[in-house]
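# Survey of secondary and tertiary structure
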Amino acid sequence: MKKGMKTVCYDEELNIEAYQFNGIIQPFPNHFHDYYVIGVVESGERCLSCKNKDYVIKAGDVLLFNPNDNHGCSQIGKEALDYREINIPSAVMLSLMKEFTGKDIAPIFTENVIYDNELKTCVKSLHKMLMEEAESFEKEEMLYMLISMLAERYLKVQKETMDKCSEKIEQACEFMARHYSESISLNQLCECSRLGKSTLLREFTKLKGVTPYRYLQSTRIGKAKELLEHGVSPVDAAVQTGFSDQSHFTKFFQMYIGLTPAEYGKMFKRLKDE
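What you see is a predicted model; the values in this text were computed from it and never measured.

Before going further, it helps to examine the sheet that holds strand β5 (residues 45–50). The pairing of strands in a sheet comes from backbone hydrogen bonds and takes either a parallel or an antiparallel form. With antiparallel pairing, 4 strands are arranged side by side in an open sheet as β3-β8-β5-β6. Because the sheet does not close on itself, it has two edges, and the strands there are β3 (28–31) and β6 (53–57). Each strand axis lies, on average, 20 degrees off the axis of its neighbour in the sheet, ignoring direction.

With that settled, consider the pairing of strand β2 (residues 16–24). Across the 9 residues of β2, 9 count as buried, placing the element largely inside the fold. Of the pairings in the sheet, the one linking strand β1 (residues 5–11) to β2 comprises 7 bridges and is antiparallel in character. Note that in β2 the partner of threonine 7 across the bridge is glutamine 20. The hairpin formed by β1 and β2 contains 4 residues between the paired strands, and asparagine 15 there has a positive phi angle of roughly 60 degrees.

Between its first and last C-alpha atoms helix α6 (residues 197–208) spans 16 Å; for 12 residues at 1.5 Å apiece the expected length is 16 Å, and the two agree. Here α6 has its buried residues at Leu200, Glu203, Phe204 and Lys208. Projected down its long axis, α6 shows its buried positions confined to an angular sector of 110 degrees, all on one face. In this structure, α6 carries Ser198 and Lys206 as exposed residues pointing more than 90 degrees from its buried face. With its phi angle positive at about 85 degrees, glycine 209 sits one or two positions after the end of α6.

The pairing of β2 with strand β9 (residues 81–89) spans 6 bridges and is antiparallel. Counted as the bridge partner of glutamine 20 is arginine 84 from β9. Here strand β4 (residues 35–43) runs beside β9; their pairing, made up of 8 bridges, is antiparallel. In the sheet register, valine 40 faces β9, and the bridge partner there is arginine 84.

Turning to the pattern of salt bridges, a few remarks are in order. For side chains bearing opposite charge, pairing can occur when the charged atoms are close. A full pass over the atoms with the stated rule returns 11 salt bridges. A salt bridge links lysine 139 to glutamate 13; its shortest N-O distance comes to 2.9 Å. Residue lysine 139 is found in helix α3 (residues 136–153), and its partner glutamate 13 is found in the loop between β1 and β2; the two are separated by 126 residues along the sequence. By relative accessible area, which is 4% here, lysine 139 ends up buried. Given a relative accessible area of 54%, glutamate 13 falls into the exposed group. Where glutamate 203 meets arginine 202, a salt bridge forms, and the shortest distance between an N and an O atom there is 3.3 Å. One network of salt bridges, with partners in common, ties together Asp11, Glu13 and Lys139.

Another point: the packing of aromatic side chains. For the structure on display, the rule yields 11 aromatic pairs. Between phenylalanine 243 and phenylalanine 252 the ring centres are 6.2 Å apart and the planes differ by 40 degrees, which places this aromatic pair in the tilted class. Residue class for phenylalanine 243 comes out buried when judged on its relative accessible area of 6%. Overall, phenylalanine 252 belongs to the buried group, its relative accessible area being 5%. Through successive ring pairs, a cluster of aromatic residues spans Tyr213, Phe243, Phe249, Phe252, Phe253, Tyr256 and Tyr264. Lying over the aromatic face of phenylalanine 243, arginine 220 brings its terminal NZ or CZ to 6.0 Å of the ring centre.

About the criteria used
Residues numbered from 1 in each chain as written. Predicted model: local features only at pLDDT ≥ 70, side-chain atom pairs only at ≥ 80, totals over all residues. Heavy atoms only, no water. Pairing = 2+ DSSP bridges. Helix = DSSP H or I, 4+ residues; strand = E, 2+ residues; numbered from the N terminus. Axes fitted to C-alpha atoms, helices over the stretch in contact; angles between N-to-C directions. Buried < 20%, exposed > 50% of the residue type's maximum accessible area, 1.4 Å probe, protein only. Expected span 1.5 Å × (residues − 1). Arc of directions from axis to C-beta. Salt bridge = Lys/Arg side-chain N within 4 Å of Asp/Glu carboxyl O. Phe/Tyr/Trp six-rings, centres within 6.5 Å; stacked < 30°, edge-to-face > 60°. Lys NZ or Arg CZ within 6 Å of the ring centre and 35° of its normal.

Written out as structure tokens, the structure is:
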């Protein structure tokens, strides 16, 4: 297999994504996603930072990220990264977990980096089925087996409580969610959260693990992915998500997703053409 190969597959039946990166040396900056990530390191070592905690990840490790878990990584040594990943939208995870727990509350991964050979095998099996477009029954059964295993070992369901300061940070996040396509200033975030600049930056980064600017860019990338999935061109996606120009958009998209906007959009165009 060629070095630097990136493959993405979207399963329309299960509404989940499968990523496969082979021979990757690209670092990924501190960022987050709005979906659950379940990944397996096949080879290579990386320095991973997740929620302000540092790890050295290596072959066999399973990575579990909740929506909005900030994380970034860079290569250690000369061996490039081979990595498989399954992305599950929050709504899909919520629906799956409700069947197991009967509770309509979003689950939370209790650990981010684990070594669990049985879970690793299950993730790789589902990933292979997604990539090879296996029969619906087989894929769905394996997905439920994976979620069942995660629910028993690494997922919990809880209500989160927020203090007054974190409520104000959430107000800033909600403002960015509503106005991501516009030009947003730090002053606007301070005004809507009723926090001073230094307090906002300090408490926001402590709570979310990324700065307000990084949070905004990650939000924009998430919205851009949705547009590209629905056939919007990269140029229009950049405009509609508030990026100043196409090169700026492409730079951030590739940093966070590992693919260019054009590569990501082509995957969904191919699905519609089939």
